[in-house]
Amino acid sequence: MSVSLCQIRNNYAHLRHNVALLRASGKPIMPIIKADAYGHGLQNFAEVLRRDGVDHLGVGTVAEAVLLRRGGFDGVIVALLGAVSDEDILALHTYSIVPLVHEWTSLNRIADTYASGHKDKPVSMAIKCDTGMGRLGFPLEEMARVTEFLSARPQLNPEFLLSHLAAADTRGEEDFTRKQAETFREAGTIMRRTFPEVTLSLGNSACLLAFPELVGDLARPGIALYGGNPLHGTSREILGAGLETVMEISTPVLSVHPLKAGQTLGYGRTFLAPRDMLVAVAGIGYADGYRRGPAPGTAMTVHGRRALVVGRVAMQMTCLDITGITGVQPGDPAFIMGGEGQAVGLQELADWWETIPHEVTCILGKNRLL
Ligand SMILES: *Cc1c(COP(=O)(O)O)cnc(C)c1O
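Cut-offs used in this document
Residues numbered from 1 in each chain as written. Predicted model: local features only at pLDDT ≥ 70, side-chain atom pairs only at ≥ 80, totals over all residues. Heavy atoms only, no water. Helix = DSSP H or I, 4+ residues; strand = E, 2+ residues; numbered from the N terminus. Buried < 20%, exposed > 50% of the residue type's maximum accessible area, 1.4 Å probe, protein only. Contact = heavy atoms within 4.5 Å. Areas by Shrake-Rupley, 256 points an atom, 1.4 Å probe, with all protein chains shown as cover. Lys, Arg positive; Asp, Glu negative; His and termini not counted. Charge placed at Lys NZ, Arg CZ, Asp CG, Glu CD. Salt bridge = Lys/Arg side-chain N within 4 Å of Asp/Glu carboxyl O. Near = heavy atom within 4 Å. Polar contact = N/O pair within 3.5 Å; in protein donor to acceptor, adjacent residues only side chain to side chain. Phe/Tyr/Trp six-rings, centres within 6.5 Å; stacked < 30°, edge-to-face > 60°.

Moving on, we get to the overall build of the protein chain. Scanning the protein chain from terminus to terminus reveals twelve helices and 16 strands. In terms of overall dimensions, the protein chain has C-alpha extents of about 80 × 45 × 35 Å along its principal axes. Within the protein chain, the fraction of its 370 residues that count as buried is 51%. Looking at the protein chain alone, contacts between residues at least 24 apart form 65% of all its contacts between residues at least 6 apart. Surface exposure of the protein chain reaches about 16,400 Å², of which carbon and sulfur atoms provide 53%. Between the centroid of the 34 positive side chains of the protein chain and the centroid of its 38 negative side chains there is a distance of 3 Å.

Next up on the list: the pattern of salt bridges. Taken as a whole and assessed by the stated rule, the structure comprises 13 salt bridges. Note that Arg 9 and Glu 248 form a salt bridge whose closest N and O atoms lie 3.5 Å from each other. With Arg 9 in strand 1 (residues 7–10) and Glu 248 in strand 9 (residues 247–259), the pair connects residues that are 239 residues apart, well separated along the chain. Classification of Arg 9 by relative accessible area gives partly exposed; the value is 33%. For Glu 248, a relative accessible area of 18% gives the class buried. Taking the shortest distance from any N to any O, the salt bridge between Asp 321 and Arg 275 comes out at 3.3 Å. One end of the pair, Asp 321, is in strand 15 (residues 318–321); the other, Arg 275, is in the loop between strand 11 (271–272) and strand 12 (277–282), with 46 residues separating them in the sequence. Exposure remark for Arg 275: the relative accessible area of 40% places this residue in the partly exposed category. What emerges from the salt-bridge pattern is a single network uniting Glu 174, Arg 178, Glu 213 and Arg 236.

Once that is clear, we can look at the site of the ligand. In the neighbourhood of the ligand, the contacting residues comprise Ile 32, Lys 34, Tyr 38, Leu 80, His 164, Asn 204, Ser 205, Arg 220, Pro 221, Gly 222, Ile 223 and His 358. Measuring from an oxygen atom of the ligand, one finds a backbone N or O atom of Gly 222 at 2.8 Å. Coverage of the ligand by the protein amounts to 90% of the 390 Å² it exposes when considered alone.

Further remarks concern the packing of aromatic side chains. Evaluation of the coordinates by the stated rule reveals six aromatic pairs. Between Trp 104 and Phe 149 the ring centres are 5.5 Å apart and the planes differ by 75°, which places this aromatic pair in the edge-to-face class. Residue Trp 104 is found in helix 6 (residues 104–113), and its partner Phe 149 is found in helix 7 (residues 143–151); the two are separated by 45 residues along the sequence. Ring-pair connections join several aromatic residues into one group, and the members of that group are Tyr 12, Tyr 38, Phe 45 and Tyr 226.

Quick look at the structure:
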């Protein structure tokens, strides 16, 4: 039994459309499906992407990578948070998982663990260089030492060199992005002197769409796969305008009833009916991740048509103005995002919530697990 009435489905035709759009630049991609595929469900997403010719996937934790491997994914899996525990480190070999390695403690621990044995197959890693995000990664000045350390240990194989851009989606930050790319190029040059085969990977969705020439050998798109336009609100917005929302989330209508002019609706009596209206109560609220204080204009889709949210969003219920939408019955779906007709798009919902699309799908996607 579920505590949420919401139903979540993925529109995989839209996913394939987004993948095709991202491949248009000609760059190979490693889709990023960390955090349960940004709330879309790890396993199904991986299967669809695999059938679409994807052979590299990026996840967050080693545990997610293990799930993916146990689920049958036979391509390369990179765990972007690295191997954190001893259990993680042992899983690298058992499940052929590539950890992100971004500092000396974990590099030493992995080296010590695999110092002897496992000589049949070296442990692959993705070395992370920090070029300006300031979060994870070896600074450029350490890259020569890291390379030397690795070259002395044939059981360790730096298959990838990664870095992450801080502001490829931010207006006025083009110079910073190009500076990061230049630092990354230098790091790549250092590592390739010893490891000419290392795969260089810099770009997220925003970089792949806006600066495809900077992504290196392998791009790492995340949000664009799911239909979020990382360039929304920038001068390059058009480059991501064709992306389509993948997640569809609906919930049943619980009640349909009239509200007379002058009556109020919901907690705090914040809504006063300006005229005779018809109201539907949708079975979703802030417990399901639907924001309590959405901006005016926030709507859902009922029978393919927009219905404005009216009154306060409650814990498991939200009221909609369905005046003029005929034939709505309890049990009919109200679409929070996606669906038929005047569907709410991912970016639109993110704007109403004054956040980024990543947060919207991660939050709503939790209902899948409830
Ligand atoms: C999440 C993530 C990405 C994908 O970023 P988007 O902005 O969603 O495209 C790429 N690389 C790393 C290291 C990440 O953590």
